[in-house]
Amino acid sequence: EFRRVLFRSALAAQIMLGIWMLGMNAYSGWTAWHTYGGGRPKSSLYGIWNVDELSIDSQLRSPLLTDYDRWRRAIFDFPERMAFQRMDDSFAHYGAAINDKHKTVAFTKDGDKNWKANFTFQRVAPDRLILDGIMDSHQIHMQLQLVDRSNFALVSRGFH
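A few points on the structure. (Residues numbered from 1 in each chain as written. Predicted model: local features only at pLDDT ≥ 70, side-chain atom pairs only at ≥ 80, totals over all residues. Heavy atoms only, no water.)

Now for the overall build of the protein chain. A tally of helices and strands in the protein chain yields two helices and nine strands. Along the protein chain, helices (α) and strands (β) appear in the sequence α-β-β-β-β-β-β-β-β-β-α when read from the amino end. Computed over the C-alpha atoms, the radius of gyration of the protein chain is 24 Å, more than 25% above the 15 Å expected from 2.2 N^0.38 for a compact globule of 160 residues. Along the longest, intermediate and shortest principal axes, the C-alpha atoms of the protein chain span 90 × 40 × 35 Å. In the protein chain, buried positions account for 24% of the 160 residues. Accessible area for the protein chain stands at about 11000 Å²; split by element, carbon and sulfur atoms hold 59% of it. Within the protein chain, one finds 20 positive and 17 negative side-chain charges whose respective centroids are separated by 11 Å. (Helix = DSSP H or I, 4+ residues; strand = E, 2+ residues; numbered from the N terminus. Rg over C-alpha atoms; globule rule 2.2 N^0.38 Å. Buried < 20%, exposed > 50% of the residue type's maximum accessible area, 1.4 Å probe, protein only. Areas by Shrake-Rupley, 256 points an atom, 1.4 Å probe, with all protein chains shown as cover. Lys, Arg positive; Asp, Glu negative; His and termini not counted. Charge placed at Lys NZ, Arg CZ, Asp CG, Glu CD.)

Tracing the backbone shows Asp67 in the loop between β2 (59–60) and β3 (71–76). Within the structure, the side chain of Asp67 is placed 2.9 Å from the side chain of Arg61, a separation counted as a polar contact. Looking at Asp67, its side chain comes within polar contact range of the main-chain nitrogen of Asp69, at 3.1 Å. For Asp67, the residues in contact, after removing those within four places along its chain, are Arg61, Ser62 and Met87. (Polar contact = N/O pair within 3.5 Å; in protein donor to acceptor, adjacent residues only side chain to side chain. Contact = heavy atoms within 4.5 Å.)

What follows deals with the pairing of strand β9 (residues 138–146). Regular strands place side chains that alternate from one sheet face to the opposite one. Here strand β1 (residues 47–56) pairs with β9 via seven bridges, running antiparallel. From the neighbouring strand, Glu53 faces β9, where its bridge partner is Gln143. Pairing between strand β8 (residues 128–135) and β9: eight bridges, direction antiparallel. If you follow Gly133 over to β9, its bridge partner there is Ile140. Taking the residues that link successive antiparallel strands as the turn, the β8-β9 hairpin has two residues, and the phi of Asp136 there is positive, at about 50°. (Pairing = 2+ DSSP bridges.)

Core analysis: the largest hydrophobic core is formed by 25 residues, its most contacted members being Phe84, Phe107, Phe119, Met135 and Met142. Among the secondary structure elements, those contributing two or more residues to this core are β1, β3, β4 (81–86), β5 (91–99), β6 (104–109), β7 (112–125), β8 and β9. Residue contacts for Phe107: discarding those within four places in its chain leaves Phe76, Met82, Phe84, Tyr94, Gly95, Ala96, Trp115, Lys116, Ala117, Phe119 and Met135. (Core = buried A, V, L, I, M, F, W, Y, C linked by side-chain atoms within 4.5 Å.)

If you want it as C-alpha cells, here you go:
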C-alpha cells in the first residue's frame, strides 16, 4: 500500500512538473514573440532605409567606403531604438524618440546622457524619407529610400 501511494505521488509530481515546464515554455515563447518577434510593436519609421543623399553643413558627401562619417543606411526597428550603418558596415546605435504628430525624431546615446540630436522628418512617399536636423553641432540633411523587404531571400523564399 505504501509503495502504491509513493508511486502515485511520484507520478503526480512528474505530471505537475511536465505541465509547469510546458506552461513556462509557452509563456516564454509568447513573451519573446511580443517583445522581439513579429508580434512586437514596430517603429513608425520601421524599415531599412538606404541613405541616397547626405549633406553635412551643406556639403554633399559622396558614398565613399573610406568616409567614416558617411552613412549607408538608417535602420528603424524597435520603437525606441535605431541604428546608422556606416560605409564600412559598422553600426552606430541610438535611442530614438519619434513624434509622429510633430514629425520629429530625437536621438540619444546610451553612454552620454547629455548628447542629443534633433531632426524633423518628411515622408514624401511611403518609400521616401527626408531627415533634417542638428547632430554634433552639424547641420544634417538626408534623403532616404526604403529597402523593399521582398528582395530578401529569407522573406521571398522562406526558411530552408
